[in-house]
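# Remarks on the overall topology
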Amino acid sequence: MNEKNVGKVAVEKMKHGNGYDGSLCLNFHQLNATACYYLAPALKNMTALTVLNLCENQLNATACYYLAPALKNTTALTVLNLCENQLDATACYYLAPALKNMTALTVLNLCENQLDATACYHLAPALKNMKNLRELDLYLNRIDATACYHLAPALKNMTALKYIYLQSNKIDATACYYLAPALGNLIALKSLDMDHNQIDATACYHLVSILPNMSALKTLNFDNNYIDVHGCEVLLSALVRMSGLQDLYLWNNPIDVNYKRIMRSFLKKNAKRVDLHI
């Protein structure tokens, strides 16, 4: 099926009710820029749309240029899934004004794209408006310290956030320095996933002061990082004050066997509810 037809087939599906009933799922449809050119006029009329799934397509900057004016009208959206596309800084520049209007969003999935510091700079003002967001997925992007600097003021406003996925990025000690004050404001957060980053003892030092404030936190994932014995010592001082924490993941960090035993013993005595996965 050629590019033009991909978009037209999507439009035909929409004419037969897919989308006008509140939910539009066009994942795995090979949607690219040309397809989005044909899709956008139909999407523009779906002002009652609450769920839009465009994951695993070929959405790039040009595709977003065509989609953005239509998405500005979808202010009733509660779920927007754009994962596994080709979204970069230019794509985010086009999308940001539309996203800014989506104040009803509860789930935003941007995982497995090409979001870097410039992309986060464009997204941040829009994210700041999403005070109802419950789930934010930024897994497997290019988020580093500068990106976190841009994201932090927006995250600080997301006090309803329950799940945030930051794994497989480039988050290091400097990034945690920027993120910490914002994360400390997320008192409803249940899960913080920072697996596969560059978190070390210094990063733990920046995070330790805000972790006890996150009273709803049940799962903390630091698998596949650079946390050593010194990092663990810093974390332990916070863990005893985290009454709601149930699971701590520290797989594949440079922690020797003896200290793993010490940690298990310490947590058993001082934080009985915490299951240590190490």
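One numbering rule holds for all chains: residues counted from 1, following each sequence as written. Thresholds applied to this predicted model are a pLDDT of at least 70 for local features of residues and 80 or more for the giving and counting of side-chain atom pairs; totals over whole chains, interfaces and linings are not thresholded and use all residues. Hydrogen atoms and water are omitted, and side-chain values are computed over all heavy atoms in the structure.

## Quick word on helix α2 (residues 33-44)
Operational definition: The numbering of helices and of strands both runs from the N terminus, where a helix is a DSSP run of H or I of at least 4 residues and a strand a run of E of at least 2. In this analysis, the expected span of each helix is defined as 1.5 Å times one less than the number of residues it contains. Only protein chains enter the area calculation, which uses a 1.4 Å probe; residues under 20% of their type maximum are buried, those over 50% are exposed, and those in between are partly exposed.
Between its first and last C-alpha atoms α2 spans 16 Å; for twelve residues at 1.5 Å apiece the expected length is 16 Å, and the two agree. For α2, the full list of buried residues reads Ala33, Ala35, Cys36, Leu39, Ala40, Ala42 and Leu43.

## Comments concerning helix α6 (residues 145-157)
For clarity, the threshold we go by: Bend at a given residue is defined as the angle between two axes, one fitted to the seven residues that end at that position and one fitted to the seven that begin there. Should any heavy atoms of two residues lie within 4.5 Å, those residues are considered in contact.
A rise of 1.5 Å per residue sets the reference length of α6, with its 13 residues, at 18 Å; its end C-alpha atoms lie 19 Å apart and thus fit the reference within 8%. Of all the bends in α6, the greatest reaches close to 40° and is centred on Leu151; the proline Pro153 follows between one and four positions later. When we look at burial in α6, the residues that qualify are Ala145, Ala147, Cys148, Leu151, Ala152, Ala154 and Leu155. Among the structural elements, α5 (117-128), β5 (135-137), β6 (163-165) and α7 (173-183) are those in contact with the buried residues of α6.

## Thoughts on the packing of α6 against α7
Put simply, the rule is: To get an axis, a line is fitted to the C-alpha atoms, and for a helix only the part in contact is used. The angle between two axes follows their N-to-C directions and goes from 0 to 180 degrees. Roughly parallel covers angles under 35 degrees, roughly antiparallel covers those over 145, roughly perpendicular covers 65 to 115, and oblique covers all other angles. Here the term charged refers only to Asp, Glu, Lys and Arg, the term nonpolar to Ala, Val, Leu, Ile, Met, Phe, Trp, Tyr, Cys and Pro, and the term polar to all other amino acids, Gly among them.
Across the interface, α6 lies against α7 with an axial gap of 8 Å and an inter-helix angle of 0°. Considering their axes alone, α6 and α7 lie roughly parallel with respect to each other. Contact residues: α6 offers Ala145, Cys148, Tyr149, Ala152, Leu155 and Lys156, while α7 offers Thr174, Ala175, Tyr178, Leu179 and Ala182. Of the residues in the contact of α6 with α7, the class split is nine nonpolar, one polar and one charged.

## Section: the sheet that holds strand β3 (residues 79-81)
For clarity, the threshold we go by: DSSP bridges decide pairing: two strands pair if at least two such bridges lie between them.
Read from one edge of the open sheet, ten strands run β1-β2-β3-β4-β5-β6-β7-β8-β9-β10, paired in parallel fashion. Each edge of the sheet is formed by a strand with only one pairing partner; in this case those strands are β1 (23-25) and β10 (275-277). With direction set aside, neighbouring strand axes in the sheet form an average angle of 5°. Sheet topology note: the β5/β6 ladder contains three bridges and is parallel. Across the sheet, residue Leu136 finds its bridge partner in β6, namely Ile164.

## Describing the environment of Ile171
Here Ile171 shows up in the loop between β6 and α7. Distance in space between the C-alpha atoms of Ile171 and Ala61 is 25 Å, their sequence separation being 110 residues. With near-sequence residues (within four places) excluded, Ile171 lies in contact with Ile143, Cys148, Leu166, Cys176, Leu179, Met194, Asn197, Gln198 and Ile199.

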